[in-house]
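Overview (structure and organization)
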Amino acid sequence: MTTNPNSPSADELKQNDLAHHWHPFTDHSELDDKTLRLITHANGSYIWDSNGNKILDGMAGLWCVNVGYGRSEIVDAVTKQMSELPYYNTFFKSTHQPVAELAEKIASLTPGDLNHVFFTGSGSDANDTVLRLVRTYWGHKGKKDKTIIIARKNAYHGSTMAGVSLGGMSGMHDQGAPLIPDIAHIKQPYWFHEGGDMSPDEFGLECARDLEKKIDELGEDRVAAFIAEPVQGAGGVIIPPETYWPEIMRICKERDILFVADEVITGFGRLGEWFGSQHFGLQPDVIAMAKGLSSGYLPIGAVAFSDEISNTLQKGEFAHGYTYSGHPACCAAALANLKIIEEEKLIERVKNHTAGYFAEKWASLGEHPLVGEARSIGLVGALEMVPEKPKRSKFKNEGDTGAICRDHCFNNGLVMRAVRDTMIVSPPLIITDNEIDEMVEKAWKSLDQTHASIGVK
Ligand code: PXG
C-alpha cells in the first residue's frame, strides 16, 4: 500500500471516526480507540489493519466480496464508465449501455422466466421494491385484499422499514416500531435449536407446513407472497432439512401466492450455483439480489421477476424508482464482476471442488469440545457452540461466548462472525485450499481460547 505523507495518521482517523461517524449495528458505548479497527487495504482473501495485521477475511466483507479483493478488471471498468457517463437516470424512457447489458445478463442467469429486472442500490431497498411490486401485482389482478406477505422468524431482509418488517428479528422490530402492517411470520427451519426430539426431516416438514397453516389462518385471498432466504444467512447460516423446500414449493404452487427468494447472500455462486434457488430446485416468481452482484465493489441490488408479473404490471406506471436505479458505474462494476465469475469458472470451482474441500475441513471443527454442530453448504459454514456436548443446549448468557470467540478470531488473524453463540463464515469464492486450512486452524485455536476464557474444562 502506498501512503501519502499528508494523510492523517491512523490515530487521527480513529479520533475523527469516534467523534463523528455513527456505525451500523454498533453499540457505541463499546466503541473506543482500542476496539475500533481501521482497515487500510485488502487483496485476494485478506484484509490488513492499521497495525499491519494481515487478516483472513472469512466473511468476504459482509458476505459480498465473492471474487476477492484487488480486482483491477472491476476498477478499470468503473473508471472507463465514470469518464464516459458517470451518471444518468433510467427514469422517463432513458437507458444506457451498462444497465441494458446487465439487465439482459441477470435475466439470462436467473432460473425460469425471471426476464425482467428492476435495479436498486442495496438488498434492503430490493426488498422494499419486492413489497411494493407484489402488492401492486395483486392490485392489478383485481385482488386488492391480497396484501399480506408471509416471512419467517429470524429472517434477515434488510434494515429499511420494509426490510426490517419483513425480517423476523425481534430485537430489530423493537426499534422503529410500528412496523409495516400485513406482514406475518412463521417458524424457521432451525433444527439445531428448535427441532426438539424430532428428526431433521420431520422438523423440516413441520416448519414448511407452518406456511400452509398460516395461509389457512389468514385466508388465501389475503396472502400475496411468501419470502425466504434459500439458506438463512445473518440468522446463523440455517440450512433447512431436506424435506423443507419441496414441501414449501408444493404449498406455494397449490395456493395462489407468489414465492420470493431473497438471494442477497445466496446469489452469485455462494452455494455453487448462480442462485441458491437452483441448488434447491426452487422456482421463485421474484428474486431479490445484491452483494455478490458486484462483489461489493460498488453498491447495487436488483429484483428479477417473471413474465407473468411483468405482463400484469403493464397497466399504467409503476410509481417506484430510486435516483440510483441502474447507476452506470455500479452496473459496469457488476458486469465486470460477473465476467470474472464466468471466465474464472468460480461457480463450477465452488460446486466441483471448493465446497467439498471446505465441507470436509469445516466438519472437523465439530470434534472440538465446544462445538455441538459444524455445518456447511457451498461456501458458508456455521459452528454451534454449546455449553454441554452432545446436548443441543444454549449458554445462559446468550451471545457472550460468541462475542469472546469473535474477538479471539480477530486477534488470531481471522474474521469470523458471531450470531449469538453461532460462529459463521462465508469466505470469498476464490479462497484456496491452503487458505481454508488456515481458516480452520485459526478457528480451532480461537475455539480453544474461547473454551479457556469461559472456564469450561
Ligand atoms: N437480504 C438478505 C438475505 C441479507 O443478508 C439484506 C437483504 C439487506 O441488504 P443490504 O445491502 O441492504 O445490507 C441482507 C444483508 C451480517 C450482515 O452481519 C448481513 C447483511 C447485511 C449486513 C450485515 O450478517 N445482510
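Here the structure is shown first, and the text comes after it.
Small disclaimer: the values here were computed from a predicted structure and weren't measured. (Residues numbered from 1 in each chain as written. Predicted model: local features only at pLDDT ≥ 70, side-chain atom pairs only at ≥ 80, totals over all residues. Heavy atoms only, no water.)

Concerning the side chain of Ser277
Operational definition: For the purposes of this entry, the term helix denotes a DSSP run of H or I that reaches at least four residues, the term strand denotes a run of E that reaches at least two, and both are numbered from the N terminus. Burial status follows relative accessibility: with a 1.4 Å probe on protein chains alone, a residue under 20% of its type maximum counts as buried, one over 50% as exposed, and anything between as partly exposed. Between two residues, a contact is recorded if the distance between any of their heavy atoms is within 4.5 Å.
Within the secondary structure, Ser277 is located in helix α11 (residues 276-280). For Ser277, a relative accessible area of 0% puts it in the buried group. Aside from chain neighbours lying at most four places away, what touches Ser277 is Pro111, Pro230, Ala261, Glu263, Leu282, Pro284 and Ile287.

Quick word on the pairing of strand β9 (residues 286-289)
Stated formally: A pair of strands counts as paired when DSSP detects no fewer than two bridges linking them.
Because side chains alternate across β9, one face comprises the buried residues Val286 and Ala288, and the other comprises Ile287 and Met289, equally buried. Pairing of strand β8 (residues 258-262) with β9, which is carried by three bridges, proceeds in the parallel orientation. Paired with Val260 across the strands is Val286, a residue of β9. Taken together, the four bridges between β9 and strand β10 (residues 301-305) define a ladder with antiparallel strand orientation. In the sheet register, Ala288 faces β10, and the bridge partner there is Val303.

So, the site of the ligand
Test applied: Neighbouring residues are identified by heavy atoms, a residue being near a molecule or strand if any of them is within 4 Å of it. We define a polar contact as two N or O atoms separated by no more than 3.5 Å, with the added condition that, inside protein, one atom must be a possible hydrogen donor and the other a possible acceptor, whereas residues neighbouring each other in sequence contribute only through side-chain atom pairs. Under the convention adopted here, Pro, Cys and the residues Ala, Val, Leu, Ile, Met, Phe, Trp and Tyr are nonpolar, Asp, Glu, Lys and Arg are charged, and Gly plus all remaining residues are polar. Boundaries between domains were set according to an automatic or database domain assignment.
Near the ligand you find 16 residues, and of these Trp63, Gly123, Ser124, Asp262 and Arg417 are the closest. The separation between a nitrogen atom of the ligand and a polar main-chain atom of Tyr156 is 3.5 Å. Secondary-structure elements contributing two or more residues to the shell around the ligand are α2 (60-63) and α5 (123-140). Element by element, the count of residues in the shell around the ligand is highest for α5, at three residues. Grouping the constituent residues of the shell around the ligand by class yields six nonpolar, six polar and four charged. Of the domains in this structure, domain 1 (10-67 + 345-454) and domain 2 (73-343) are the two that each give at least three residues to the shell around the ligand.

The values reported here are purely geometric and, on their own, carry no functional implication.
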